[in-house]
There are 2 protein chains.
Amino acid sequence: MKREIRVGLCGCGVIGEGLVTALQQHADVISARAGAPIRLAAVADKDPARLDIVRAQDPSIALLDDAFEIPKRDDVDIVVELIGGVEVADRLVRAALDAKKHVVTANKALLAERGAALFELAEANGCDLYFEAAVAGAIPVIRVIRESLASDHIRSVRGIINGTSNYILSSMANDGAAFGDALKAAQEAGFAEADPTLDITGGDASHKLALIAGLAFGARVLPSEIPTEGIEQVDPRDIQYARNFGYAIRPLAVAERLQDGALDLRVHPALVPQSDPLAHVDGALNAVAIQGAMVGPSFLSGLGAGAAPTATSVAGDIIDIARNSLAGAPMRRWYLPTEGAQEIQAIADLSSRYYLRFSVQDESGVLAALSGALGDSGISIELMVQDVDDGDGGTATIAMLTHHAHEGDVRAALDAIDDTHLTTASTHLIRIVE
Amino acid sequence: MKREIRVGLCGCGVIGEGLVTALQQHADVISARAGAPIRLAAVADKDPARLDIVRAQDPSIALLDDAFEIPKRDDVDIVVELIGGVEVADRLVRAALDAKKHVVTANKALLAERGAALFELAEANGCDLYFEAAVAGAIPVIRVIRESLASDHIRSVRGIINGTSNYILSSMANDGAAFGDALKAAQEAGFAEADPTLDITGGDASHKLALIAGLAFGARVLPSEIPTEGIEQVDPRDIQYARNFGYAIRPLAVAERLQDGALDLRVHPALVPQSDPLAHVDGALNAVAIQGAMVGPSFLSGLGAGAAPTATSVAGDIIDIARNSLAGAPMRRWYLPTEGAQEIQAIADLSSRYYLRFSVQDESGVLAALSGALGDSGISIELMVQDVDDGDGGTATIAMLTHHAHEGDVRAALDAIDDTHLTTASTHLIRIVE
């Protein structure tokens, strides 16, 4: 009865090594809580040096250079996919499911792009496909939405789900550093990849948000359909103005069901009021705020990246699958997407408050002309501050918060203003989320 | 295959009514996510008026005045126990398990007192016994510890797990109200029971903490073994002094594994630094901060009480059991306690920093005598403020924070001081948790 559950690990990078350590060092609690010993039977990686590290920990583990050998093994019940990327990982996960192996993956890109087909394949083969580590590292957002809130109509999910972006914006806020310097510091501290493109452009967050939208709303969403902006345009001055207005700037992902049934999905830096717990999520922490019809506000925070925290999520999934297997049945819990394509609101139709920063000539009449132009477009100013810039350029900065307006109207008004000689540089816009 | 899962509800008070509403209004998402329709087959309550409310919602539900009829019914797969109390609920849950019905309960007192035997009975009968709603209402602390963090060694759990106490301390902080007035306002606002004893004395939190200690540490703990203090002794002046020192006063429950293997378990009001997210958990919100060896810091907050939030947790458990049943096997996930009795640190052995408030004669030499007496006991003052009291009593208040000290030494020193004529009233002590 209490048989052993055997794991095959594909990809032994940072998270994989964390998982190897966890399965070794916490073998006692893991087997107690799973109901049977969980043994790492095989590890595959192209890099022999990584396999050497595994061999040093436990010489009994089979070491392979080809991940596709893992699903073929009779001594593997659960395949853990940590190789990343889409194409090869897709083939690997398919091979595992076809071989009736359960799968745990941390691969948000794979699931966001190919999830629908993979979950169908898992269902057809009677296998589990778990992915807690794909979204927000150690924060159990997948399990909470899928299980704890399973009875609720979820209204919105807002989160800081890219640790690199949050680390950079936090250090800009704390040190007043420019974006490029903060990025470099983050790379040196190991909080940003050598190629951070996917993180700082919002691409990584849009992958995760597609998965969240699938779970929360049953929506079949591709990341490319999600309006996405990175944090590169955020200037230390924006952070300073925001702070003076009572806000922090955070890299947000937003998923909300609108009154008309459409989905408001977006990834962008946003001003968040200091009274919102998201404003206090600093550094490499991630956080997710869920609003449900019954549950009300629910807030989760924790480390969004790092070997040990992410490995905890992978190991939690392994234990869940082990329990399912020991009980004699996979659970095949409800997956994404269940309701097919849904309308996603165009960003031009968004109704929001906005932070605007204008660079203008320091001469009389400019502010009047500016507010006139905004007013003519139906955009009303809530709060405004004007600073004469240092230096002899004769320029000034006007920062303001608007009342609610449609983004299409705001963009059109800003384009018209920037086409005049009122502004000396293009105007910065950051959305307010509250 | 897609058969129906049938629920029998025992006790239709506030949470029960919330559950009836949830199962009706969210039937669509619930059946989609459970994998089969979930039908409320029968409801039992002694109060005919409550049954009338159920009848108005759905006349097809069987209505009974005797909860013990529910486990006997062939058309019930899951028994939901919401009658509360220990003795009758114990017999009811036993009857359900003996009849091979799965059980969902929100009854913290029952599980804290009788959990060990009940979980054994569930195991013996091959039944599930779920209890997410027993701790912290809508916050999924049970599921997160039991599933998401199942691979981790949990080091500490700290939480605000009694909403009534937090509501009272919050309104004392916001309005400067005295404890008695704040309690009365909480009762009028529906945030405190007519008999709030169990909430304000910390008893309710000690029940919940016993369950948390069971899950987090496998410890078999009875609530009576947990050093517990209520919030009745907190004075508006304490909240004010704490704020000036950079702290908030919160009703905390603490569970921590000490270096020597013993458990530090306690329930009491505590000073929490403003930099701690727990300091910002206001009103009826609950929150739990978990520290794991691998996962690092994990923070959860949400509504700790109320019909709909608590019903969400009950319904999530029902859906989980439904999935288990549909998969053909109950999960019988790891329960508490797994490791039997463990040593609980005596409160006198606690090493902590302390907030102390002395009422003294306003005359020279008092402060010197006071700090001398503390110093002689090895208690070192970190921060101190002295206020001459208004009025003509010739008294003063000295509030201070100490460096780390053993509570036994501090209590002995305070007893000695209060035995002299230095103080005009007994000295207030509140622990600092950081």
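The rules we used
- Note on numbering: residues in each chain are counted from 1, in written sequence order.
- Following the order in which they are written, the chains are lettered starting with A and the ligands numbered starting with 1.
- Totals for whole chains, interfaces and linings use every residue, but because this is a predicted model, local features are given only for residues with pLDDT of at least 70 and side-chain atom pairs only at 80 or more, for both listing and counting.
- The basis for the side-chain values is all heavy atoms of the structure; hydrogens and waters are excluded.
- Note that domain bounds follow an automatic or database assignment of domains.
- A pair of strands is treated as paired once DSSP finds two or more bridges between them.
- Under the DSSP-based scheme used, a helix requires at least four consecutive residues in state H or I and a strand at least two consecutive residues in state E, with every element numbered from the N terminus.
- Here an axis means a line fitted to C-alpha atoms, over the contact stretch when the element is a helix, while the angle between two N-to-C directions is reported on a 0 to 180 degree scale.
- By definition in this entry, angles of less than 35 degrees are roughly parallel, angles greater than 145 are roughly antiparallel, angles of 65 to 115 are roughly perpendicular, and the rest are oblique.
- In this scheme the handedness of a crossing depends on how the near helix is turned from the far one: anticlockwise by less than a right angle means left-handed, clockwise means right-handed.
- Residue contacts are counted whenever heavy atoms from the two residues lie within 4.5 Å of one another.
- In this classification, the charged set is Asp, Glu, Lys and Arg, the nonpolar set is Ala, Val, Leu, Ile, Met, Phe, Trp, Tyr, Cys and Pro, and all remaining amino acids, among them Gly, are polar.
- For each residue, the accessible area found with a 1.4 Å probe, counting protein chains only, is set against the maximum for its type, and the residue is called buried under 20%, exposed over 50%, and partly exposed in between.
- What the arc covers is the set of directions going from the helix axis to the C-beta atoms.
- Each polar contact in these results corresponds to two N or O atoms within 3.5 Å; when the atoms are within protein, one needs to be able to donate a hydrogen and the other to accept it, and residues that are neighboring in sequence are counted only if both atoms are side-chain atoms.
- Within 6.5 Å between ring centres, the rings of Phe, Tyr and Trp (the latter by its six-membered ring) count as paired, and their orientation is classed by plane angle as stacked under 30 degrees, edge-to-face over 60, tilted in between.

K.L.:
Before we move on, can you summarise the domain arrangement of chain A with the specific residues and values?
P.N.:
Each domain of chain A was delimited in the assignment, giving domain 1 (5–137 + 307–327), domain 2 (147–303) and domain 3 (347–432). Taking the mean C-alpha position of each, domain 1 of chain A and domain 3 of chain A sit 51 Å from one another.

K.L.:
Tell me about the sheet that holds strand 6 (residues 129–130) of chain B, and name the residues and values.
P.N.:
Residue and element names in this part refer to chain B. An order of 3-2-1-4-5-6 is seen for the six strands of this open sheet, with the pairing classed as parallel. Each edge of the open sheet carries a strand with a single partner, namely strand 3 (62–64) and strand 6. As judged from the four bridges shared by strand 1 (residues 5–10) and strand 4 (residues 78–81), these two strands associate in the parallel manner. Its bridge partner being in strand 4, Leu9 is matched across the sheet by Val80.

K.L.:
Account for the packing of helix 7 (residues 163–175) of chain B against helix 8 (residues 179–188) of chain B, with residues named and values stated.
P.N.:
All names here are of chain B. At a minimum axis separation of 9 Å, helix 7 and helix 8 run at an interaxial angle of 120°. What the angle tells us is that helix 7 and helix 8 run oblique. Classified by chirality, the crossing of helix 8 by helix 7 is right-handed. Residues Tyr167, Ile168, Ser171 and Met172 of helix 7 form the contact with helix 8, whose own contacting residues are Phe179, Ala182, Leu183 and Ala186. Residue composition of the contact of helix 7 with helix 8, by class: seven nonpolar, one polar and no charged.

K.L.:
Would you mind going over the sheet that holds strand 5 (residues 102–105) of chain A in detail, with residue names and values included?
P.N.:
All names here are of chain A. Strand order in the open sheet formed by six strands is 3-2-1-4-5-6, and the pairing between neighbours is parallel. The sheet is open, and its two borders are formed by strand 3 (62–64) and strand 6 (129–130), each paired with just one other strand. Where strand 1 (residues 5–10) and strand 2 (residues 38–44) come together, six bridges link them in parallel fashion. In the strand pairing of strand 2, Ile5 is matched with Ile38. Packed onto the sheet, helix 12 (residues 307–326) meets strand 1, strand 2, strand 4 (78–81), strand 5 and strand 6 and runs at close to 165° relative to strand 5.

K.L.:
Explain helix 11 (residues 236–245) of chain A residue by residue, including any values.
P.N.:
Residue and element names in this part refer to chain A. Buried residues of helix 11: Asp238, Ile239, Tyr241, Ala242 and Phe245, and no others. Buried residues of helix 11, seen end-on, are gathered within an arc of 165° and therefore sit on one face of the element. By the N-cap criterion, in which a side-chain oxygen at the helix start approaches the backbone nitrogen of a residue two or three places on, helix 11 is capped by Asp235, the distance to Arg237 being 2.8 Å. Positive phi appears at Gly246, one or two residues downstream of helix 11, with a value of about 95°.

K.L.:
Outline the packing of aromatic side chains, listing residues and values.
P.N.:
Remark: the centre distance and the inter-plane angle together describe each pair of aromatic rings, the angle taken between the planes. Residue and element names in this part refer to chain A. Overall, the coordinates contain five aromatic pairs over all chains when judged by the stated rule. Taking 5.5 Å as the distance between ring centres and 55° as the angle between the ring planes, the aromatic pair formed by Phe119 and Phe131 counts as tilted. Of this pair, Phe119 sits in helix 5 (residues 108–124) while Phe131 sits in the loop between strand 6 and helix 6 (141–148); the two residues are 12 residues apart in sequence, bridging distant segments of the chain. The exposure classification of Phe119 matches that of Phe131, with both residues buried. Centre to centre, the rings of Tyr167 and Phe191 are 4.4 Å apart; their planes meet at 25°, and the pair counts as stacked.

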